[in-house]
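# Structural features, examined
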Amino acid sequence: PLSFLSNTLEQFAIHTACQLGLAATLPREWLVLVPISACLWTAGRALFYYGYSKMTVMRAYGFSYAMTLAMFSIGYVNLHNFTGINLLPETIPKLY
């Protein structure tokens, strides 16, 4: 549907701004979050489309999935750029 495509274009513009901000402010060790964020955004859009095709009320799950990711991304970028606070540790913790 046309409304899905227009919403995806709007969400893509927001996501692109967040991705560029993250790529510019994340430390080198944490740049792995940029492609992970892209995969999560794509999953959110797929969930949005699936919910939209079933019942329009169900699109909220995919929309909130993608928007929450954007809010955390832009929140980190703004906090880092305006205050200099870095919420991430220097190195990625090992998970073994």
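Thresholds, definitions, all that
- Residues numbered from 1 in each chain as written.
- Predicted model: local features only at pLDDT ≥ 70, side-chain atom pairs only at ≥ 80, totals over all residues.
- Heavy atoms only, no water.
- Phe/Tyr/Trp six-rings, centres within 6.5 Å; stacked < 30°, edge-to-face > 60°.
- Helix = DSSP H or I, 4+ residues; strand = E, 2+ residues; numbered from the N terminus.
- Buried < 20%, exposed > 50% of the residue type's maximum accessible area, 1.4 Å probe, protein only.
- Lys NZ or Arg CZ within 6 Å of the ring centre and 35° of its normal.
- Patch = residues over 30% accessible without salt bridge, like charges linked within 9 Å, V, L, I, M, F, W, Y side chains within 5 Å.
- Areas by Shrake-Rupley, 256 points an atom, 1.4 Å probe, with all protein chains shown as cover.
- Salt bridge = Lys/Arg side-chain N within 4 Å of Asp/Glu carboxyl O.
- Expected span 1.5 Å × (residues − 1).
- Contact = heavy atoms within 4.5 Å.
- Core = buried A, V, L, I, M, F, W, Y, C linked by side-chain atoms within 4.5 Å.
- Disulfide = S-S within 2.5 Å.
- Axes fitted to C-alpha atoms, helices over the stretch in contact; angles between N-to-C directions.
- Left-handed = near helix turned anticlockwise from the far one by under 90°.
- Nonpolar A, V, L, I, M, F, W, Y, C, P; charged D, E, K, R; others polar.

Scanning the model with the defined rule gives two aromatic pairs in all. Ring geometry for Phe12 versus Trp41: centroids 5.9 Å apart, planes at 55°, classification tilted. Taken together, the residues span a long stretch of sequence, with Phe12 in helix α1 (residues 2-25) and Trp41 in helix α2 (residues 33-54) at a distance of 29 residues. With relative accessibility at 11%, the residue Trp41 sits in the buried group. Here Arg45 stacks its cationic end above the ring of Phe48, 4.3 Å away from the centre of that ring.

Moving on, we come to a nonpolar patch on the surface. On the surface, a cluster of nonpolar side chains totalling about 910 Å² of accessible area is made up of Val32, Ile36, Leu40, Leu47, Met55, Val57, Met58, Tyr61, Tyr65 and Ile92. Elements represented by at least two residues in the nonpolar patch include exactly α2 and α3 (59-83). With respect to the helices, strands and loops of the structure, Ile36 is situated in helix α2.

This brings us to α3. For α3, built from 25 residues, the straight-helix expectation of 36 Å at 1.5 Å per residue is met to within 8% by its first-to-last C-alpha distance of 35 Å. Among all positions in α3, only Gly62, Ala66, Met67, Ala70, Ser73, Tyr76 and Val77 are buried. Structurally, α3 contributes buried residues whose contacts are with α1 and α2. Phi turns positive one or two residues past the end of α3, at Gly84, with a value near 85°.

Membership of the largest hydrophobic core is limited to six residues, which are Leu22, Leu26, Trp30, Val34, Tyr76 and Val77. Every residue in contact with Val34, bar those within four places of it in the chain, is listed here: Gln19, Leu22, Ala23 and Leu26.

One pass over the full model with this rule turns up zero disulfides. Free cysteine Cys18: the closest other cysteine sulfur is in Cys39, separated by 16 Å.

Before going further, it helps to examine α1. Taking 1.5 Å of rise per residue, 24 residues should cover 34 Å, and α1 covers 35 Å from first to last C-alpha, within 8% of that figure. Inspection of α1 places Phe4, Asn7, Thr8, Gln11, His15, Cys18, Gln19, Gly21, Leu22 and Thr25 among the buried residues, and these make up the whole buried set. Of the surrounding secondary structure, the elements contacted by the buried residues of α1 are α2 and α3.

A word on the packing of α1 against α3. Running from N to C, α1 and α3 point in directions that differ by 35°, and their axes come no closer than 9 Å. Considering only the axes of α1 and α3, their crossing is left-handed. In contact with Asn7, Gln11, Ile14, Cys18, Gly21, Leu22 and Thr25 of α1, α3 contributes Phe63, Ala66, Met67, Ala70, Ser73, Ile74, Tyr76, Val77, His80 and Asn81. Across the contact of α1 with α3, the residue classes break down as ten nonpolar, seven polar and no charged.

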